[in-house]
Structures are given as structure tokens and as C-alpha cells.
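Read off the chains here:
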Amino acid sequence: MDQSALLTTARAEFMRGFVESMQRTIPRAIEDCFQKADETFSSLEQGRLLDARAILVDQGAKIIEHMTLTMEQLLARSFKTTYSTYRPSANFNTDSLTLIDPTTFEGGLRLEEITNRFRREAEEQLRDLNIRIALIFEQEVTNERENPFRPYLFSKCISSSIEGQGLNPNVVDILIERLSNNFATFVPNIYSAVNTYLAK
């Protein structure tokens with residue numbers, strides 16, 4: 001199998017794992033918001049958590065649909081920037097979405113924190129995938145930045161999708177946090193599936 005076909009199939013495996021994991025994350029986050037609301041002593045925080053929960057209950061399917069489209073766009077952009085020797089054609093309009101958007105310092109720090117959480121959760125699987133990607137591109141040095149499936153895509157996808165819903169900023173923060181926390185445990189399995197495919 002040539003490089004392009006191999007990566008196209010790996011990309012489909014990655015997307016399948018992401019969507020299935022997010023479908024399982026939403027119910028977890030709904031329960032998590034309710035539990036956190038029950039535990040807090042702040043009526044303001046409780047209200048925000050219950051608002052976030054209501055949004056996930058009412059709009060969960062729409063949010064997953066939005067995340068699926070966003071991840072497809074991020075992947076298209078990511079593949080365009082992977083190692084200078086590889087430039088596949090993209091079937092997606094990536095003009096409106098970049099991997100590095102102008103953002104506030106605080107927002108950038110939050111993205112970095114979430115990305116690091118995903119990275120720590122799947123450290124071993126990510127290391128193996130970084131090596132496999134480098135080998136596919138005949139590179140001697142591994143570099144996560146060149147991995148088109150790097151953890152940053154997860155954090156960027158979650159934050160962009162939720163921020164694009166036009167919600168109260170306080171509820172946006174809670175949704176991003178709860179979704180990220182509950183999604184993190186699925187990250188190793190997503191990378192393991194891509195590794196297993198590439199190992200064949």
C-alpha cells in the first residue's frame with residue numbers, strides 16, 4: 001500500500017475512533033455535570049453546571065455532528081502541514097479553520113493544558129504513533145508536531161466546537177472542561193487502534 005492510501009485509511013480509523021469516543025463521552029459528561037452540581041456549595045456554579053448539562057442533553061447530537069465536521073477540517077489542515085515531502089489534496093474547505101488561530105493568552109493556555117492532559121493519558125501509544133508516522137515519511141527523528149493525529153487536534157476540536165455554539169462564556173468553559181475530562185480516557189484507545197492498523 002502506498003503512502004497516501006495508507007494514511008487515508010489511518011485517517012478514517014482515527015475519525016471512527018474519535019466519533020465513537022465522543023458519542024460515549026457526552027453521556028459521561030451529562031452525569032458528571034449533575035454530580036459536580038450536587039457536590040458544589042456555590043449556587044452560581046451549580047446553576048452553570050446544570051445549564052451545561054441541559055445543553056448536552058438537548059444538543060448532544062448536534063454537538064457531535066459539529067465536532068465531526070470540525071475534526072475533518074482540522075485533519076485536512078494537519079495533513080497539509082505534515083512533513084514538507086507530503087502534500088495530499090484536501091476535499092475540505094480549510095480556509096475558515098486553521099490549526100493556530102489568533103487567540104487570547106488565557107485561551108491558549110487552556111488549550112495547552114488540555115492537550116497536555118491528553119498527551120499524558122496516552123503517552124506510550126502516542127510515542128509509538130509518532131515513530132510510525134516518522135517511518136512512513138522516512139524521517140530519522142520523531143516530532144509530535146509532524147504527526148497529523150497529534151493530541152492538539154482533540155483539544156482544538158472540542159474548544160472550537162463548543163465556542164462556536166454561541167453560549168454563555170461561563171457555560172462554555174464548563175462544557176469544554178467536562179467534555180475534555182471525560183474524553184481523555186478514550187484517547188489511548190484511539191491511538192492504539194491507529195497503531196494496530198499501521199502495524200499491519
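Structure shown above.
This is a predicted model, so every value here is computed, not measured.

Draft legend 1. Just the nonpolar core, in detail. Formed by 54 residues in total, the largest nonpolar core has its most connected members in Phe149 and Phe154. When contributions to this core are tallied by element, the ones reaching two or more residues are α1 (3-39), α2 (43-80), α3 (105-121), α4 (123-136), α5 (152-163), α6 (169-183) and α7 (187-199). Sequence-distant contacts of Phe154, defined by excluding residues within four places in its chain, comprise Phe14, Phe18, Met71, Phe118, Phe183, Val187, Ile190 and Tyr191.

Draft legend 2. Broad picture of the packing of aromatic side chains. Enumeration over the complete set of coordinates arrives at 10 aromatic pairs. Note on Phe79 and Phe149: the rings are 5.5 Å apart at their centroids and 75° apart in plane angle, and the pair reads as edge-to-face. Taken together, the residues Phe79 in helix α2 and Phe149 in the loop between α4 and α5 connect sequence positions 70 residues apart. Both residues of the pair, Phe79 and Phe149, count as buried. On the numbers, 5.8 Å between centres and 55° between planes, the contact of Phe154 with Tyr191 is tilted. With Phe154 in helix α5 and Tyr191 in helix α7, this residue pair connects regions lying 37 residues apart in the sequence. Pair check on accessibility: Phe154 and Tyr191 agree, each one buried. Cluster of aromatic residues (ring-pair linked, three or more members): Phe14, Phe18, Phe79, Phe118, Phe149, Phe154, Phe183 and Tyr191.

Draft legend 3. Spotlight on unusual backbone geometry. The residue Glu138 is not glycine, and still its phi comes out positive at about 55°. As for its position among the elements, Glu138 is in the loop between α4 and α5.

Draft legend 4. Seen up close, α5. Helix length check: α5, at 12 residues, gives a terminal C-alpha distance of 16 Å against a target of 16 Å (1.5 Å per residue), a fit within 8%. With 10 of 12 residues buried, α5 is to be regarded as a mostly interior element. Residues Leu153, Phe154, Ser155, Lys156, Cys157, Ile158, Ser159, Ser160, Ser161 and Ile162 constitute the buried set of α5.

Draft legend 5. Expanded view of the environment of Arg119. Structurally, Arg119 is set in helix α3. Separated by 69 residues in the primary sequence, Arg119 and Pro188 have C-alpha atoms spaced 9.1 Å apart. Among residues more than four places away in sequence, those in contact with Arg119 are Leu126, Glu144 and Pro151. At 2.8 Å, the side chain of Arg119 forms a polar contact with the side chain of Glu144.

Thresholds applied
Residues numbered from 1 in each chain as written. Predicted model: local features only at pLDDT ≥ 70, side-chain atom pairs only at ≥ 80, totals over all residues. Heavy atoms only, no water. Core = buried A, V, L, I, M, F, W, Y, C linked by side-chain atoms within 4.5 Å. Buried < 20%, exposed > 50% of the residue type's maximum accessible area, 1.4 Å probe, protein only. Helix = DSSP H or I, 4+ residues; strand = E, 2+ residues; numbered from the N terminus. Contact = heavy atoms within 4.5 Å. Phe/Tyr/Trp six-rings, centres within 6.5 Å; stacked < 30°, edge-to-face > 60°. Expected span 1.5 Å × (residues − 1). Polar contact = N/O pair within 3.5 Å; in protein donor to acceptor, adjacent residues only side chain to side chain.

Interpretation note: all reported values are geometric properties and have no functional meaning in isolation.
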